[in-house]
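An overview of the molecular structure
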Amino acid sequence: MSVSMLLAVVLICAAVFYVLGNRRAIGVSGGDSRQLHSRPNYYGILAALWFAIPAIAVIVVWQVLQGHFLEGGIVDSLPPDVLERSADQVRLVVATIKSLAFGGIASGVEPYMLESAAGYRSAHGFSQTLMSIMSLALGLLVAGTTVARITPQTRARNGVERIVKAMLIACASLAILTTAGIVLSMLFETINFFKTVPLSNFFFSTEWDPRFSSAGRDGGDTGQFGMIPLMVGTMYVAFVAMLVAVPIGLLAAMYLAEYATPKFRATAKPMLEILAGIPTVVYGFFALVTVGPFLRDTGDIMGLDIDARSVMTAGIVMGIMIIPFISSLSDDVITQVPRSLREGSLGLGATKSETIRKVIFPAALPGIVGSILLAASRAIGETMIVVMAAGVAANLSGNPFEPMTTVTVKIVNQLTGDNEFTSPQTLVAFALGMTLFVITLGLNIFALHIVRKYREQYD
Amino acid sequence: MSAVETNIQSETVVPPQTATPSNVAKMRGRDVCVFYGEKQALFDVNIDIMEREVTALIGPSGCGKSTFLRCLNRMNDVVDICRVTGDITLDSQDIYDRAVDVVHLRARVGMVFQKPNPFPKSIYENIAYGPRIHGLTRNKAELDEIVETSLQKAGLWKEVKDRLDSPGTGLSGGQQQRLCIARAIAVAPEVILMDEPCSALDPIATAKIEDLIHELRENYTIAIVTHSMQQAARVSQKTAFFHLGNLVEYGETEQIFTNPKDERTQGYITGRFG
């Protein structure tokens, strides 16, 4: 039985146990559900959960362990001369056999492989059958016991509550563990990178020139991995973007929240939010075809030499992209400031704009900073607009009308090239990612600290 | 009348000390109707709010007393669907006239709300807010003085003088309400409107606010909405009874509570309905 089939069977059985639990509860109560501790459907839910949870647990554990044991079986069946080859080649052979077993396309097939594949196939089938039996049997056992033990005093409602709580905890920890996993995977590759390239080369060099993956292998120059031009590019583009987005976004939010009629707000806000739904590559077109040439032509008129691809182009377009993040979230926060504070200020003879500036804005500050932070992290992480609007050349320059590039663009560049995965040319992407992560984390913590210090808390 | 028309600044420095009511109507309502959208909330209210007296507005919930109070400094302007007809005058000037600056009007007719609503700022900043936005002071020393006298008038100075920098929201409910009264006094209004100022407070804090209202009457004209008839009897000289959007009876507080002319008033003050 395939896994998806088995899952379907498990769900059906759980549904059956729901009915059983429900019936049994009504049965033990003598038909009067008021005699029960919980409402009858709670007994059903409890029985269904106690079927599904052990059964699915068995499937998950089995799937994780099965691969390891079955591959061991393949390796054992290989002829001795194959085993003498390098570990990578043995892995290749095993992969070929697996592919053969399920009718996949494989090249370099040898007779011993066919034999192994047949063995693997039958072992796999046996394992799946055993898993199905074990899974259903355990489910039946646990859920059967639960149903058999139902009495009017059984606290099914509390039991369901405990299981729900456990599931919530599991989901929350899954999210946290994933974050930790991402960070760890970056961390290990970063350490690998720094085994071949010195720290000073990466952090303090102003030259970005990673060359090709053959460089450095033959004892020659390993290339220059200075991240400073990239980091400066990232910060520069993000800074220009924030310069565009923060004032426009905040003022738009204030208008929407305080001045606009409810009718206008109801139409304008979703329209503004559409901006956030446009794919960034489309913003890239906009930058490439409209904003870039416009800046260049304007420069020509004023006698300035402005490149169509520049920090300015990318920054302005990125700024437009993140306006809705700031305006929409800030609008929500401003609207949440209690009406009583507004009336208090207006009642003292303050004008609307004085009220906004001196009472509402300080009270809404934490949320506003939160929205700005979210926008900033979008700006720092943005790749597509930069590729199309600011180029891929790693320049270090203070002139916003020259092309520059950012960390994320170079990460894409290094990872999608045809470099070997273990070469520093590829691994530098992880080091860059890690650095960017640490910097944005630092910015977030700093901003939170500032907010906590200056916030005006209302209750 | 001339004492009334002195400008705001000089009144701050030399408050008129006469305690006796001047028998002048500070604010007048003539045929005031209020509509929320299609629904009419007030019907032809005629009332004179006498200078340096406390006027209590009583009546069951939803009778329009708060709505009327909010008309007196045009706080209803904030509500989009609200429409006011009729005449309301302050010192014989129509406050709904196009020439009237609503910001200036609210500086002259201050308001204290049902729930204490101090700004999430320091105690000092709460009081200084009004004088700052109206430019009432020339320097920090004058501002400090306004803050101190306002807090003293509100009976809060002794309790907070050592912690003017701590947040106003950290005070107790009664202290917060007195802070709000001090905040209103700081802009030197001529009339103070109070919308159930004690409904969120315990009896001790309520007693303090009532004492305060007695003292404030010497310098200010006060209109107070209250649900407590004992409170109306204790603090006010004139009482207005509202019922279903109508001003049923208006007169001397003593007369309203001992010898009401309308049987609805009689029923309400004796607790038979409401």
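Just so it is clear, the structure is predicted and the values come from calculations on it, not from any experiment.

This next bit is on the overall build of chain A. The secondary structure content of chain A amounts to 16 helices and two strands. In terms of overall dimensions, chain A is more spread out than a globule: its C-alpha atoms have a radius of gyration of 31 Å, far above the 23 Å expected for 459 residues. When its C-alpha atoms are laid out on the principal axes, chain A stretches across 80 × 75 × 40 Å. Buried positions account for 41% of the 459 residues belonging to chain A. Long-range pairs, those at least 24 residues apart, make up 72% of the contacts in chain A between residues at least 6 apart in sequence. On chain A, roughly 24200 Å² of surface is accessible, and the fraction owed to carbon and sulfur atoms is 68%. With 31 positive and 30 negative side-chain charges, chain A shows a spacing of 17 Å between the two charge centroids.

Counting residues at the interface gives 25 residues for chain B and 23 residues for chain A. Together, the buried faces of chain B and chain A total about 1900 Å²; carbon and sulfur atoms form 59% of this surface. By the criterion of area lost to chain A, the three top residues of chain B are Pro120(B), Tyr129(B) and Ile133(B), representing 29% of everything that side buries. Across the contact surface, chain B and chain A share one salt bridge. Between Arg70(B) and Glu343(A) there is a salt bridge, with its nearest N and O atoms 2.8 Å apart. Taken together, chain B and chain A are joined by five residue pairs in polar contact (both at pLDDT 80 or more). Secondary structure elements with two or more residues in the side of chain B that touches chain A: helix H4 (102-108), strand S6 (109-112), helix H5 (123-134) and helix H8 (173-186) of chain B. Taken together, the residues of the side of chain B that touches chain A sort by class into 15 nonpolar, five polar and five charged.

It is worth spelling out a nonpolar patch on the surface at this point. A cluster of nonpolar side chains, contributed by Leu7(A), Ile56(A), Val60(A), Val61(A), Val64(A), Leu65(A) and Phe69(A), occupies part of the molecular surface with about 630 Å² of accessible area. One can find Phe69(A) in helix H2 (residues 40-77).

The next subject is the pattern of salt bridges. Enumeration over the complete set of coordinates arrives at 25 salt bridges over all chains. The shortest N-O distance in the salt bridge between Glu53(B) and Lys238(B) comes to 3.1 Å. Here Glu53(B), found in the loop between strand S2 (39-50) and strand S3 (54-58), pairs with Lys238(B), found in strand S9 (residues 238-243); they are 185 residues apart in sequence, far enough to count as distant. In this pair, the class of Glu53(B) matches that of Lys238(B), namely buried. When the shortest N-O distance is used, the salt bridge between Arg74(B) and Asp77(B) registers 3.0 Å. Ionic contacts of the salt-bridge type, sharing partners, join the residues Arg265(A), Lys269(A), Asp331(A) and Asp332(A) into one network.

A word on the nonpolar core. Of all hydrophobic cores here, the largest spans 70 residues; its most connected members are Phe193(A), Phe202(A), Met318(A), Ile322(A), Ile385(A) and Leu432(A). Counting residues per element, this core draws most heavily on helix H8 (residues 228-259) of chain A, at 13 residues. For Leu432(A), the contacting residues outside a window of four places in its chain are Phe202(A), Trp208(A), Met227(A), Leu230(A), Val407(A), Lys410(A) and Ile411(A). The next biggest cluster of nonpolar side chains, apart from the first, holds 44 residues, and it includes Val54(B), Ala56(B), Ile209(B) and Val248(B).

With that settled, the discussion passes to the pairing of strand S1 (residues 25-36) of chain B. All names here are of chain B. Here eight bridges tie S1 to S2, and the two strands are oriented antiparallel to one another. Within the sheet, the bridge partner assigned to Tyr 36 lies in S2 and is Lys 39. Hairpin connection, S1 to S2: the antiparallel pair is bridged by two residues, and Gly 37 has positive phi, about 65 degrees. By the bridge criterion, eight bridges tie S1 to strand S4 (residues 82-90) in an arrangement that is antiparallel. Its bridge partner being in S4, Cys 33 is matched across the sheet by Thr 85.

As assigned here, chain A comprises domain 1 (3-154) and domain 2 (224-454). Using only C-alpha atoms to locate each centre, domain 1 of chain A and domain 2 of chain A end up separated by 48 Å.

All names here are of chain B. Counting buried residues along S9, six of its six residues qualify, which places the element largely inside the surrounding structure. The alternating pattern of S9 places Lys 238, Ala 240 and Phe 242 on one face and Thr 239, Phe 241 and His 243 on the opposite face, and all of these are buried. Direction of pairing for S3 relative to S9: parallel, over a ladder of four bridges. Bridge assignment links Ala 56 to a residue of S9, and that residue is Thr 239. As judged from the six bridges shared by S9 and strand S10 (residues 246-252), these two strands associate in the antiparallel manner. Bridging across to S10, Thr 239 finds its partner in Gly 251. Linking two consecutive strands that pair antiparallel, namely S9 and S10, is a turn of two residues; a positive phi of about 50 degrees is found at Leu 244 within it.

Cut-offs used in this document
- Residues numbered from 1 in each chain as written.
- Chains lettered and ligands numbered in written order.
- Predicted model: local features only at pLDDT ≥ 70, side-chain atom pairs only at ≥ 80, totals over all residues.
- Heavy atoms only, no water.
- Helix = DSSP H or I, 4+ residues; strand = E, 2+ residues; numbered from the N terminus.
- Rg over C-alpha atoms; globule rule 2.2 N^0.38 Å.
- Buried < 20%, exposed > 50% of the residue type's maximum accessible area, 1.4 Å probe, protein only.
- Contact = heavy atoms within 4.5 Å.
- Areas by Shrake-Rupley, 256 points an atom, 1.4 Å probe, with all protein chains shown as cover.
- Lys, Arg positive; Asp, Glu negative; His and termini not counted.
- Charge placed at Lys NZ, Arg CZ, Asp CG, Glu CD.
- Buried area = accessible area lost by both parts, 1.4 Å probe.
- Salt bridge = Lys/Arg side-chain N within 4 Å of Asp/Glu carboxyl O.
- Polar contact = N/O pair within 3.5 Å; in protein donor to acceptor, adjacent residues only side chain to side chain.
- Nonpolar A, V, L, I, M, F, W, Y, C, P; charged D, E, K, R; others polar.
- Patch = residues over 30% accessible without salt bridge, like charges linked within 9 Å, V, L, I, M, F, W, Y side chains within 5 Å.
- Core = buried A, V, L, I, M, F, W, Y, C linked by side-chain atoms within 4.5 Å.
- Pairing = 2+ DSSP bridges.
- Domains from an automatic or database assignment.

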